[in-house]
Amino acid sequence: MRKFTFITFFASVVFILGLQVELRAQESNHVFGFGIGKVAFSGDIVHVESSIDDSWFKYKNDITLNASYAYRVFPYFRIGGYFEYEKATLSDDLLGDVKGSRIDFGMQWLGEYPAESKFKAQLGGYFGFSMLSNELWDETPKGMSYGIMVGPCYSFGKISIALHAHAGLSNYFGDVIENANILAPRVYLKVFYNL
């Protein structure tokens, strides 16, 4: 009985170790990413409608941080979620500079071509829920962000580095701030890790 138990135990250990080696040899479908970015153009790109006035503001961001997770559905296409935090400054001639922040989270998708090459072109999009706040407003307008992202990517091993341009629109709604639109194109340096 002891020999049977030992043989069963030994066979199980060999099977599990062999399975782990095989799984490590395969590339995972889970991709984690981190990015840092800036607004590419900081002119009059924020339009705010309130019960008092309609105004255009300049929008300068200090930094945008982006974290993402995606599942590779096909070798050339992945879909997942993202979270983004941005510190920014709204400014105009009447109010001066007003510090604020933006939080954005939602889903994103990304295709790449050619899939097996080290150097790839990536194209995708995003759609998310967003919140905007600053020191001047008593409320936190909430809204939607959506747009496209495009750029080159270079892969080496499990790590990829991409330079993405995001072009999109963020719409916010509230009680006092009836409508706010941000048309801010952003540029990101992103690092992806294929787990």
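Because the structure is predicted, anything quoted here is derived from the model rather than measured. Residues take numbers from 1 onward in each chain, read along the sequence in its written order. Residue-level local features of this predicted model are given only where pLDDT is at least 70; pairs of side-chain atoms are given and counted only at 80 or more, and the full residue set underlies all totals for whole chains, interfaces and linings. Side-chain metrics rest on all non-hydrogen atoms present in the structure, leaving aside hydrogens and water.

A. Main features of the overall build of the protein chain. What the protein chain contains, in helices and strands, is 1 helix and 10 strands. When checking whether two residues touch, look at their non-hydrogen atoms; a contact exists if any pair is within 4.5 Å. Long-range contacts, defined here as pairs at least 24 residues apart, represent 61% of the contacts in the protein chain between residues at least 6 apart. Accessible surface, the protein chain: about 11600 Å² in total, of which carbon and sulfur atoms supply 68%. Under the scheme used here, helices are H or I runs from DSSP no shorter than 4 residues and strands are E runs no shorter than 2 residues, and both carry numbers assigned from the N terminus. The accessible surface values rely on the Shrake-Rupley method and a 1.4 Å probe; as for residues, cover is taken only from the protein chains in view.

B. Geometry of the pattern of salt bridges. When a carboxyl oxygen of Asp or Glu is within 4 Å of a side-chain nitrogen of Lys or Arg, the pair counts as a salt bridge. The tally for this structure, following the rule as stated, stands at 7 salt bridges. Linking R102 and D104 is a salt bridge whose minimum nitrogen-to-oxygen distance equals 3.2 Å. Summarising the burial analysis for this pair, R102 and D104 share the class buried. For the salt bridge of K120 with E112, the shortest nitrogen-to-oxygen distance reads 3.5 Å. Neither K120 nor E112 differs from the other in exposure class; each is buried. Residues participating in the shared-partner salt-bridge network are E84, E86, R102, D104 and R186. Burial classes follow relative accessibility: with a 1.4 Å probe on protein chains only, a residue under 20% of its type's maximum area counts as buried, one over 50% as exposed, and anything between as partly exposed.

C. Quick look at unusual backbone geometry. For the bond running from Y113 to P114, omega is -10°, close enough to zero to count as cis. Within the fold, P114 resides in the loop between β5 (96-113) and β6 (119-134).

D. The arrangement of the confidence of the model for the protein chain in detail. Residue-level pLDDT values for the protein chain average 82, and 84% of them are 70 or greater. Contacts from residues 17-26, a stretch scored under 50 in pLDDT, to residues over four places away or in other chains number 0 contacts. Values of pLDDT, the confidence the predictor places in each residue, fall between 0 and 100.

E. Examining the packing of aromatic side chains more closely. We call Phe, Tyr and Trp rings a pair once their centres come within 6.5 Å, taking the six-membered ring for Trp, and we label the pair stacked below 30 degrees between planes, edge-to-face above 60, and tilted otherwise. As enumerated under the stated definition, the model contains 5 aromatic pairs in all. Ring centres 5.6 Å apart and planes at 10° place the aromatic pair F74 and Y76 in the stacked group. Its relative accessible area of 42% is what places F74 among the partly exposed residues. In our convention, an over-ring charge means Lys NZ or Arg CZ found within 6 Å of a ring centre and within 35 degrees of that ring's normal. R78 extends its terminal NZ or CZ atom over the ring of F192, reaching a point 4.5 Å from the ring centre. Positioned over the ring face of Y188 is K190, at 5.3 Å from the centre of the ring.

F. The arrangement of the nonpolar core in detail. Core analysis: the biggest nonpolar cluster contains 15 residues, and V46, V48, Y59 and I182 have the highest contact counts within it. Those elements that provide at least two residues to this core are β2 (44-50), β3 (54-74), β4 (77-92) and β9 (177-182). The set of buried Ala, Val, Leu, Ile, Met, Phe, Trp, Tyr and Cys residues whose side-chain atoms join them within 4.5 Å is what this entry labels a nonpolar core. Ranked by size, the runner-up nonpolar core spans 6 residues in total, among them L110, M149, C153 and F192.

G. A look at the side chain of E84. Within the secondary structure, E84 is located in strand β4. Residues adjacent in sequence count toward polar contacts only when both atoms are side-chain atoms; beyond that, a polar contact is any pair of N or O atoms within 3.5 Å, and within protein one must be able to donate a hydrogen and the other to accept it. Reaching out from E84, the side chain makes a polar contact with the side chain of N66 at a distance of 2.8 Å. A distance of 2.6 Å separates the side chain of E84 from the side chain of R102, its partner in a polar contact.

H. Structural view of the side chain of T89. Its location among the elements puts T89 in strand β4. Of the residues examined, T89 reaches a relative accessible area of 4% and is grouped as buried. With sequence-adjacent residues up to four places away left out, T89 is seen in contact with K58, Y59, K60, D62, D97, V98 and K99.

I. Seen up close, the environment of D138. When you line up the elements, D138 lands in the loop between β6 and β7 (142-156). Using a relative accessible area of 84% as the deciding quantity, one classes D138 as exposed. Separated by 39 residues in sequence, D138 and I177 have C-alpha atoms that sit 9.5 Å apart.

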